[in-house]
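Residues per chain, in single letters:
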Amino acid sequence: MNKKWGFTLSAVVLAAALAGCSNSKANDSKEIKLAYVAWDSEIASTNVVKYVLESKLDYSVDLLQVDAGPMWAGMADGSADAMVAAWLPTTHASYLDKYGSSVEDLGPNLEGTKTGLVVPSYMKESSIEDLNNEATGKLVDYEIIGIEPGAGIMQSTDKVLKDYGLESKWKLIESSSAAMAQELQKAYEAKKPIIVTGWTPHWMFAKMDLKYLDDPKGVYGGAESIHTIARKDLKSDKADAYKLLDQFTWTPEDMAQVMVAINEGQSPEEAAKAWADSHQEQVEKWLDGIE
């Protein structure tokens, strides 16, 4: 009987040991998933983080391009490990309210962002209130060129139309970030009027003379930050990746360099590598303390 229980106990101990090895292997896995929205700014930052994770920490990085809603939902349910694309406190406020308790906010990775309605500087309009003028509406067929329907800036612009009494005449056109920028550039080159949903940092401000329409009601909020968000338990699962993500910070000027390079024909991967390789001291700060 004692012998039988001895064999049973040994089997249990062995099974536990194998399970522990399996869990350790899973936790030590050099694979990580980064979610992002297809904004030029987020394409730039996510690819820079991807390059550093792969070249410095030997990770295999899987990029998941999704809309804002699925990006936050994926963080909350663990489908993705991290993102560097959360615009707070205003643009993604509704997503933070919904999913904030299920994710970990690692704080800002970039300060000094802004969102709002953007027009070429040659247009005389200076405020959102000017859109109440019939002449302005006719100039652009009462249309504002937007981006992906799930984006926080689209939700804010819907509120702008309501709060400024514009919803009965004006229409927010659903599009994509790339299509919006293309329409803006086409109109700009032809010196035609156009109104788009825009944000800073973005390469379009380096390429064109643009301005934000004043928002006296403050619907878009003030200056924002882009935050890094991690799934719960990432710190214990992948401590080195977590520390890099926690220490990742850069400036709007840094981001603009990558965005402009991509706009001028480099692939996101090429632009990210070129920037990181030429900013080794900065990259080393992100890696500080990682063994």
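Above this text is the structure in question.
What counts as what
Residues numbered from 1 in each chain as written. Predicted model: local features only at pLDDT ≥ 70, side-chain atom pairs only at ≥ 80, totals over all residues. Heavy atoms only, no water. Phe/Tyr/Trp six-rings, centres within 6.5 Å; stacked < 30°, edge-to-face > 60°. Helix = DSSP H or I, 4+ residues; strand = E, 2+ residues; numbered from the N terminus. Buried < 20%, exposed > 50% of the residue type's maximum accessible area, 1.4 Å probe, protein only. Lys NZ or Arg CZ within 6 Å of the ring centre and 35° of its normal. Axes fitted to C-alpha atoms, helices over the stretch in contact; angles between N-to-C directions. Parallel < 35°, antiparallel > 145°, perpendicular 65-115°, else oblique. Left-handed = near helix turned anticlockwise from the far one by under 90°. Contact = heavy atoms within 4.5 Å. Nonpolar A, V, L, I, M, F, W, Y, C, P; charged D, E, K, R; others polar.

Considerations on the packing of aromatic side chains
- Tallying each qualifying case throughout the model produces 9 aromatic pairs.
- A ring pair is formed by Phe248 and Trp286, whose centres lie 4.8 Å apart and whose planes are at 85°; its orientation type is edge-to-face. One end of the pair, Phe248, is in the loop between α10 (239-247) and α11 (252-263); the other, Trp286, is in helix α13 (residues 280-286), with 38 residues separating them in the sequence.
- A relative accessible area of 2% places Phe248 in the buried class.
- Taken together, the aromatic side chains of Phe248, Trp250, Trp275 and Trp286 make up a single cluster linked through ring pairs.
- When the ring centre of Tyr188 is taken as origin, the NZ or CZ atom of Lys191, which lies over that ring, is 5.3 Å away.
- Stacked on the ring of Tyr164, the Lys or Arg Lys217 has its end atom at 5.4 Å from the ring centre.

Brief notes about the packing of helix α2 (residues 40-57) against helix α12 (residues 268-277)
- One way to put it is that α2 packs onto α12 with a least axis distance of 8 Å and a crossing angle of 65°. As far as their axial angle goes, α12 and α2 are roughly perpendicular. Note that α2 runs across α12; the crossing there is right-handed. Residues Ile43, Asn47, Val48 and Tyr51 of α2 lie in contact with α12, whose contacting residues are Pro268, Glu269, Ala272, Lys273, Trp275, Ala276 and Asp277.
- Per-class residue counts for the contact of α2 with α12 are 7 nonpolar, 1 polar and 3 charged.

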